[in-house]
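Report on the structure
In case you want the letters, here they are:
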Amino acid sequence: MYIIQMADLHVGAKKQSFDRMKNILSSSIEKVQQQIPEKSKVLLCICGDVIDSEGLNAENRDEAMGRYCLAEKLITGYVEQLRKYFDI
């Protein structure tokens, strides 16, 4: 079994657009394929700051939830792409 560990995605940060983050995750699959044999079992661990919490507080909870929804969409897409090559 192999482990892919990612941290500090900071989804929702002003410096990174959704599309840019999606491209970064997609391009990482190529790097993973160079290191892990196809069809291998892989445990994906996403740790740390999943969303960018800068400027968030109890008053703008909707914005935080929006960032978590974006993160969910990105991570789900990433896992779907990985499943084409690995047993996640």
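What counts, and at which threshold
Once a new chain begins, its residue numbering starts again from 1 and follows that chain's sequence as written. Where totals are concerned, whole chains, interfaces and linings use all residues; where local detail is concerned, this predicted model gives features only for residues with pLDDT of at least 70, and gives and counts side-chain atom pairs only at 80 or more. Excluded from the side-chain calculation are hydrogens and water; included are all heavy atoms of the structure. In this description a helix means any DSSP run of H or I spanning at least four residues, a strand means any run of E spanning at least two, and both kinds are numbered starting from the N terminus. Take the number of residues in a helix, subtract one, and multiply by 1.5 Å to get its expected span. Residue exposure (1.4 Å probe, protein chains only): buried if accessible area is under 20% of the type maximum, exposed if over 50%, otherwise partly exposed. It is the directions from the helix axis to the C-beta atoms that the arc portrays. Contacts: residue pairs with any heavy atoms within 4.5 Å of one another. The definition of a polar contact used here is a pair of N or O atoms within 3.5 Å, where within protein one atom must be able to donate a hydrogen and the other to accept one, and adjacent residues in sequence count solely through side-chain atom pairs. The pLDDT value tells you how sure the predictor is about a given residue, anywhere from 0 up to 100. Just to be clear on terms, a salt bridge is a Lys or Arg side-chain nitrogen sitting within 4 Å of an Asp or Glu carboxyl oxygen. Between the N-to-C directions of two axes lies an angle of 0 to 180 degrees, each axis being a line fitted to C-alpha atoms and, for a helix, fitted only over the stretch in contact. Each angle receives one of four descriptions, namely roughly parallel if under 35 degrees, roughly antiparallel if over 145, roughly perpendicular if within 65 to 115, and oblique otherwise. Crossing chirality is assigned from the near helix's rotation relative to the far helix, an anticlockwise turn below a right angle marking it left-handed and a clockwise turn marking it right-handed. Note that Gly is not counted as nonpolar here; it falls among the polar residues with everything else outside the nonpolar set of Ala, Val, Leu, Ile, Met, Phe, Trp, Tyr, Cys and Pro and the charged set of Asp, Glu, Lys and Arg.

Over its 18 residues, helix 1 (residues 18-35) runs 26 Å from end to end, which matches the ideal 26 Å to within 8%, given 1.5 Å per residue. Of the positions making up helix 1, those classed as buried are Met21, Leu25, Ser28, Ile29 and Val32. The arc enclosing the buried residues of helix 1, seen along the axis, measures out at 120°, which places them on a common side. Away from its buried face by more than 90 degrees, helix 1 exposes Asp19, Asn23, Glu30, Lys31 and Gln34. In this structure, the buried residues of helix 1 make contact with strand 1 (2-7) and helix 2 (61-83).

Note on placement: Ser28 falls in helix 1. Accessibility expressed as a relative area gives 17% for Ser28, which makes it buried. A distance of 3.0 Å separates polar atoms of two side chains, one belonging to Ser28 and the other to Tyr78.

This next bit is on the confidence of the model for the protein chain. Of all residues in the protein chain, 100% attain a pLDDT of 70 or more, and the chain-wide mean is 91. Within the protein chain, the element-level pLDDT minimum falls on helix 1, averaging 91, and the maximum on strand 2 (residues 42-47), averaging 96.

This part covers the pattern of salt bridges. Per the counting criterion, the structure on display carries 1 salt bridge. Close ionic contact of Glu63 with Arg67 constitutes a salt bridge, the shortest N to O distance being 2.6 Å. With Glu63 and Arg67 both in helix 2, this residue pair falls 4 residues apart, about one helical turn. For Glu63, a relative accessible area of 39% corresponds to the partly exposed category. Arg67 sits in the buried class, given a relative accessible area of 6%.

With a phi angle near 60°, Asp8 is a residue other than glycine that sits in the positive phi range. Within the element layout of this structure, Asp8 appears in the loop between strand 1 and helix 1. The exposure class assigned to Asp8 is partly exposed, which follows from its relative accessible area of 42%. The phi torsion at Lys39 lies on the positive side, around 75°, for a residue other than glycine. Turning to its location among the elements, Lys39 is positioned in the loop between helix 1 and strand 2.

Relative orientation of the contacting elements helix 1 and helix 2 amounts to 25°, with a least axis distance of 10 Å. With respect to their mutual orientation, helix 1 and helix 2 come out roughly parallel. Of the two possible hands of crossing, helix 1 and helix 2 adopt the one that is right-handed. Taking contact as the criterion, the partners of Phe18, Met21, Lys22, Leu25, Ser26, Ser28, Ile29 and Val32 in helix 1 are, on helix 2, Leu70, Lys73, Leu74, Tyr78, Gln81 and Leu82. A breakdown of the residues in the contact of helix 1 with helix 2 according to their chemical character gives 9 nonpolar, 3 polar and 2 charged.

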